[in-house]
Structure formats: structure tokens, C-alpha cells
Amino acid sequence: MKRIAVLVLVASALLPVAACGSSSGSAGGSTATTAVAQKGYRPEPKRKVGTLSLADYAAQPPGTPFAFKAQPGGLLLVYFGYLSCPDICPLTMGDTAAALEALGDDASKVKVAFATVDLERDEGADIVEYMTHFFAPDQFHALRARDEYQLHGVTYEFGAQWSIEPHEPGSFYGVAHSGTTYAVDDKGNVVWAWPFGTHGDELAAGIRTLLAETYPASA
Amino acid sequence: MRSTTRTRTLVASLVAVLALGGLAACGSDSKGSGSSATTTGSGGVAVTDAWARESAMSSGDGALYFTLTNGGKADDELTAVSVPTDLASSAQMHETVETSGDMSTGTSEGALSTRATVGLVHETTETTMAGDGMMTMKEVTSVTVPAGGTVTFEPGGYHVMLIELAKPLTIGQTFAVTLTFAKAGTIEVTATVRAS
């Protein structure tokens, strides 16, 4: 019976995919231009995040504010995670790195931002070390909020959730967080949200579609 | 709320398809493994494809995965997993679960009550925002391997968390893993570190 429980959990982990796929399908308009239905959803109403910023420890000097906007004609992929996450964060970063590799020349239009939700344990330099394991130095931003109020302000606008288990100072604690990868355009709009478990090839195909849809003139 | 109801209906109808999809994907991941040794315990349980992910950081925790196949006629239960203490200070069985975040629930109270129902922390002091569903890890004390069935520890599902690695795990490194089953007893396998 446990096996059935596992299957249900596997399915429920993918559940937002199904739910979102069906709702975007019934919503019609906004995703009708997508040739092949891709995993995830386009946030409606629009989520504007371009006026928000967090300190970027991959920038020079480290800690320079970074606004959530892609470079002109590009996409910024944003993930809210934490570094001592042994399972899903490295899986998602690995899939994202595989997607950039699969994109070939188009990879130069895409940057990846990892923002920690674990302000107690993760320092800016740690995020840089972590991202360097997956990406080339010019491919990523290593973001850390100065406090949880600033982090709330950012994650709320993205529609991401996070939760730190209450704990005694210095003792082990659990972290829960949205496993979603967000795509932001050069105007600072969230144009897509992929659920946890989106594979590298699916991400790459999705990024190609989004680049073509978001910047039709340059396609 | 409406989306939640629809979601539940979808779960019922899509469980099989999605679950198969997940397992198939995982199967293809496993093909890259150099470790294909099968070790079978006295109770008919076999442990295959034990692997751990290469460390991204110079310090921290790791994750260990494997496949359990029960060729016997009775269910068995994995009750403990251990690794040498010079590899990690301890090992815990975990399950990555998604808490049912509901985009239509705009209050943190809603999110809090959702969390309480899945058995996570329920203090009011935690900081929670509403939005896309959250993933978290839950410690599990045993995992049943049904007779004639397979349970896969895989990214996004069950994993063994290797707590406080003594050194970062590097590709190609191997280490001993001891699994204890209620019926099959102790099975030792060698895990290989790889990228994914």
C-alpha cells in the first residue's frame, strides 16, 4: 500500500502541472499561441517584478542591487531555494543548466537568478559557490535579501511561497519553498512559471517558445 | 477553492499516467549509472543502482538514491539506512512532498492550516506566504517494499539525506551503504557518486 502512497505523492508533486495545464487551456487566449502546450502556466493577471531588486553577490562589487528584469530581448529565470536543500534544488539547477546547454547560441539570452530563502544559513558568497557548480560566471545572479521583510516583498510579487520551521538558534530546521522556476522578460513581467520537476529539455523548448512569443520582431 | 476541487478530480484520473511518467523519466536517468550491481537479501529484496549526487558546495549535506525490488511473496520494510561515519555524520530517510499551496488562498492563515494537515510544523511564528505550492522534506522511519513490487528512491521523491558530509562528494567516488529490512535483514551495497 505504501507504494500506492508513493505513486500518489509522485502524482501530487506534478499536480500543479495538470491543474495549471487545464486552467490555461480553458482560459484560451493567452496561451493559445503556444504551438505545443508546455508545462507550467502564464501568470494572469500580469505579475510585475521589474521594480524589485535584491543584492547580487555574483556582481562587482558583491551585493550590488539587481533588478528582476532580463537583458534586452532575453529572459531571466528566477528560482527561490536554499543551499542545504539536498534533493530538489540541485535537481532543478541541474535541469536548468542542461536547458542552457541545449539552447546553444540562444543560451546567451538567458540568465539564471537563485535567491535564497534561508537567510540564517546562506551567505552571498555561498550562493556564488553553489551557482558556480552549475553555471558559467556570466550566466547567473546570486541573490540574497537583507532581511525577511525584503524577501517577503519579492516572493509575494512572484507568487512564490517559503516557510522556515521554527527552531532554537543554532539547531537544525527545515525549509519549505515553492519549487517553481519563473521566467521574467526585459520589461520585468513574469511571462511563465514552470513547476518543480520540469526536465531540462522541456525547459529548453519552453524558453525557445517564450523567446519567440515575447520578442516576435527579433524572431 | 474551485481549482482545488478540480485538482482533486484530476489527481484521481491522472495518478496512473503521471506516476508512470515520473517513473519512466527516472528510469532513463538511471541508465547513466556505472553501478549496476544487484545485491539480494535473504528475503528476496534486491537493492540496485545506489548513487549519490555530486556535491555543489565544499561543505553541507548530500542525497542518496537507489531502487528496491521485492521478488518475494511477502511485503518487506526498509527500516534504516546507514553510511560510514567518515562519509557523513548520519543518514536519514526523507521524502520530498509538495504542500498543497492554493493560488486562490490569499491569506497566510490558509497556508498555515494547509501545512498543519500535511503534518509539518504548525507554530504560528513561522513565516509563510501564499502562492505556488511549496516543496519540503519529511523524515520517514520506514518504507514498505510490496511483494513483487519496486520502490525507487529518486530526486523529488524518497531520498536518504547524508547529513554533514565529512568531505564533498566527487564524481566517481564510491562508498558503502547498509540497508536494514524488517525481513530481509541487512544488505550492503556500494553507491557511486555522479552528477545526476
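Located above this text is the structure these notes cover.
Reading the values: rules and limits
- Counting restarts for each chain: residues are numbered from 1 in the order of the written sequence.
- Whichever chain is written first becomes A and whichever ligand is written first becomes 1, with later ones labelled in order.
- Reporting of local features is limited, given that this is a predicted model, to residues whose pLDDT is at least 70; pairs of side-chain atoms are given and counted only at 80 or more, and all residues count toward the totals for whole chains, interfaces and linings.
- The basis for every side-chain value is the complete set of heavy atoms in the structure, and neither hydrogens nor water enter the calculation.
- Secondary structure elements are defined from DSSP: runs of H or I of at least 4 residues count as helices, runs of E of at least 2 residues count as strands, and each element is numbered from the N terminus.
- Buried, partly exposed and exposed residues are distinguished by accessible area as a fraction of the type maximum, computed with a 1.4 Å probe on protein chains only: under 20%, between the cut-offs, and over 50%, respectively.
- Whether two residues are in contact is decided by their heavy atoms: any pair within 4.5 Å suffices.
- Here the aromatic set is Phe, Tyr and Trp, taking the six-membered ring for Trp, and pairing holds for ring centres within 6.5 Å; pairs whose planes are under 30 degrees apart are stacked, those over 60 apart are edge-to-face, and all others are tilted.
- Any Lys NZ or Arg CZ found within 6 Å of a ring centre and within 35 degrees of that ring's normal is scored as a charge over the ring.
- Only strands joined by at least two bridges in the DSSP assignment are considered to pair.
- Note on definitions: angles span 0 to 180 degrees between N-to-C directions of axes, and those axes are lines fitted to C-alpha atoms, for helices only across the stretch in contact.
- Residues belong to a common nonpolar core when they are buried Ala, Val, Leu, Ile, Met, Phe, Trp, Tyr or Cys residues joined through side-chain atoms within 4.5 Å.
- When an angle is under 35 degrees it counts as roughly parallel; over 145 it counts as roughly antiparallel; between 65 and 115 it counts as roughly perpendicular; any other value is oblique.
- Residues are grouped as follows: Ala, Val, Leu, Ile, Met, Phe, Trp, Tyr, Cys and Pro are nonpolar; Asp, Glu, Lys and Arg are charged; every other residue, Gly included, is polar.
- In this analysis, the expected span of each helix is defined as 1.5 Å times one less than the number of residues it contains.
- Regarding the arc, it is the one traced by the directions from the helix axis to the C-beta atoms.
- The salt bridge definition used is simple: a Lys or Arg side-chain nitrogen within 4 Å of an Asp or Glu carboxyl oxygen.

1. Let's talk about the overall build of chain B
Phase 1 of the analysis: Secondary structure assignment for chain B yields 2 helices and 11 strands.
Phase 2 of the analysis: Of the regular secondary structure in chain B, the N- to C-terminal order runs α-β-β-β-β-β-α-β-β-β-β-β-β.
Phase 3 of the analysis: A buried classification covers 48% of the 196 residues belonging to chain B.
Phase 4 of the analysis: Contacts spanning at least 24 positions in sequence make up 70% of the contacts within chain B whose residues lie at least 6 apart.

2. Looking at the packing of aromatic side chains
Phase 1 of the analysis: Summed over all chains, the structure comprises 12 aromatic pairs over all chains.
Phase 2 of the analysis: Ring centres 5.1 Å apart and planes at 75° place the aromatic pair A:Phe68 and A:Phe158 in the edge-to-face group. Remark: A:Phe158 occurs in helix H4 (residues 148-158) and A:Phe68 occurs in the loop between strand E3 (64-67) and strand E4 (75-81); sequence separation between them is 90 residues. Taken as a pair, A:Phe68 and A:Phe158 share a single burial class, namely buried.
Phase 3 of the analysis: Summarising the aromatic geometry, the rings of A:Tyr79 and A:Phe114 are spaced 5.9 Å apart at their centres and angled 40° between planes, so their arrangement reads as tilted. Separated by 35 residues along the polypeptide, A:Tyr79 in strand E4 and A:Phe114 in strand E5 (residues 110-116) bring together distant segments of the chain.
Phase 4 of the analysis: Following the ring pairs from residue to residue traces out a cluster consisting of A:Phe66, A:Phe68, A:Phe80, A:Phe158 and A:Tyr182.
Phase 5 of the analysis: Directly above the aromatic system of A:Phe172 lies the positively charged group of A:Arg121, at a separation of 5.7 Å from the ring centroid.
Phase 6 of the analysis: It is B:Arg194 that lies over the ring of B:Trp51; its NZ or CZ is 4.2 Å from the centre.

3. Quick notes on the sheet that holds strand E6 (residues 140-144) of chain A
Residues and elements named next belong to chain A.
Phase 1 of the analysis: Overall, mixed pairing links the 8 strands, which are arranged E1-E10-E9-E4-E5-E6-E2-E3 in an open sheet. At either end of the open sheet lies a strand with only one pairing partner, and these are strand E1 (47-48) and E3.
Phase 2 of the analysis: For E4 and strand E9 (residues 181-184), the ladder comprises 4 bridges, and the chain directions are antiparallel. Each bridged residue has a counterpart across the sheet, and for Tyr79 the counterpart in E9 is Thr181.
Phase 3 of the analysis: Where helix H5 (residues 200-214) meets the sheet, it contacts E4, E5, E9 and strand E10 (189-194), and its direction lies at approximately 155° from that of E10.

4. Some thoughts on the nonpolar core
Phase 1 of the analysis: Core analysis: the biggest nonpolar cluster contains 67 residues, and A:Phe68, A:Tyr130 and A:Phe158 have the highest contact counts within it.
Phase 2 of the analysis: No other element matches the 8 residues that helix H2 (residues 88-103) of chain A contributes to this core.
Phase 3 of the analysis: When residues no more than four places from it in sequence are discounted, the contact partners of A:Phe68 are A:Val49, A:Gly50, A:Leu52, A:Ser53, A:Leu54, A:Leu76, A:Val78, A:Leu143, A:Val154, A:Phe158, A:Val184 and A:Gly188.
Phase 4 of the analysis: Core analysis: the second largest hydrophobic core is formed by 35 residues, B:Val83, B:Leu162, B:Phe181 and B:Val189 among them.

5. Comments concerning the packing of H2(A) against helix H3 (residues 124-134) of chain A
All names here are of chain A.
Phase 1 of the analysis: Running from N to C, H2 and H3 cross one another at 50°; their axes reach a closest spacing of 9 Å. Considering their axes alone, H2 and H3 lie oblique with respect to each other. Together, Cys89, Pro90, Met93, Gly94 and Ala97 of H2 and Tyr130, Met131 and Phe134 of H3 make up the contact between the two elements.
Phase 2 of the analysis: Looking at the contact of H2 with H3 residue by residue, the class counts come to 7 nonpolar, 1 polar and no charged.

6. A look at the environment of A:Ala145
Residue and element names in this part refer to chain A.
Phase 1 of the analysis: In this structure, Ala145 sits in the loop between E6 and H4.
Phase 2 of the analysis: Assessed through its relative accessible area of 1%, Ala145 is described here as buried.
Phase 3 of the analysis: Considering only alpha carbons, one finds Ala145 and Phe196, 51 residues apart in sequence, at a separation of 23 Å.
Phase 4 of the analysis: Beyond its immediate chain neighbours, meaning those up to four positions away, Ala145 contacts Leu54, Leu119, Gln150 and Leu151.

7. Focus: the pairing of E9(A)
Residue and element names in this part refer to chain A.
Phase 1 of the analysis: Here E9 shows no split at all, with Thr181 and Ala183 on one side and Tyr182 and Val184 on the other all buried.
Phase 2 of the analysis: Pairing between E9 and E10: 4 bridges, direction antiparallel. Bridging from a neighbouring strand, Thr181 pairs with Trp194 of E10.
Phase 3 of the analysis: Counting the residues between successive antiparallel strands, the hairpin from E9 to E10 contains 4 residues, one of them, Gly188, with a positive phi of roughly 90°.

8. Notes on H5(A)
Residues and elements named next belong to chain A.
Phase 1 of the analysis: Here H5 contains 15 residues, and its C-alpha end-to-end distance of 20 Å stays within 8% of the 21 Å for a straight helix at 1.5 Å per residue.
Phase 2 of the analysis: Of the residues making up H5, those classed as buried are Gly200, Leu203, Ala204, Gly206, Ile207, Leu210 and Leu211. Take H5 and look down its axis: the buried residues cluster within an arc of 165°, on one side only.
Phase 3 of the analysis: Residues of H5 that are buried in the fold lie against E4, H2, E5, E9 and E10.

9. Here's the deal with H3(A)
Residue and element names in this part refer to chain A.
Phase 1 of the analysis: Taken together, the buried positions of H3 are occupied by Gly124, Ile127, Tyr130, Met131 and Phe134. Buried residues of H3, viewed axially, fall in a sector of 120°; they line one side.
Phase 2 of the analysis: Check the buried side of H3 and you find it contacts H2, E5 and E6.

10. Observations concerning the environment of A:Ala98
Phase 1 of the analysis: Topologically, A:Ala98 is positioned in helix H2.
Phase 2 of the analysis: On a C-alpha basis, the gap between A:Ala98 and A:Phe135 in space is 9.7 Å, while along the polypeptide they are 37 residues apart.

11. Considering the pattern of salt bridges
Phase 1 of the analysis: Under the criterion given, the structure shown has 6 salt bridges over all chains.
Phase 2 of the analysis: A:Glu213 is paired through a salt bridge with A:Arg42; the nearest N and O atoms lie 2.6 Å apart. With A:Glu213 in helix H5 and A:Arg42 in the loop between helix H1 (2-27) and E1, this residue pair connects regions lying 171 residues apart in the sequence.
Phase 3 of the analysis: On the basis of relative accessibility, which here comes to 24%, the residue A:Glu213 falls in the partly exposed class.
Phase 4 of the analysis: On the accessibility criterion, A:Arg42 (19% relative accessible area) is buried.
Phase 5 of the analysis: Residues B:Arg194 and B:Asp49 are paired through a salt bridge, measuring 3.1 Å at the closest nitrogen-oxygen approach. Here the residue B:Arg194 occupies a position in strand E11 (residues 185-194), and B:Asp49 occupies one in strand E2 (residues 45-53), the gap between them amounting to 145 residues.

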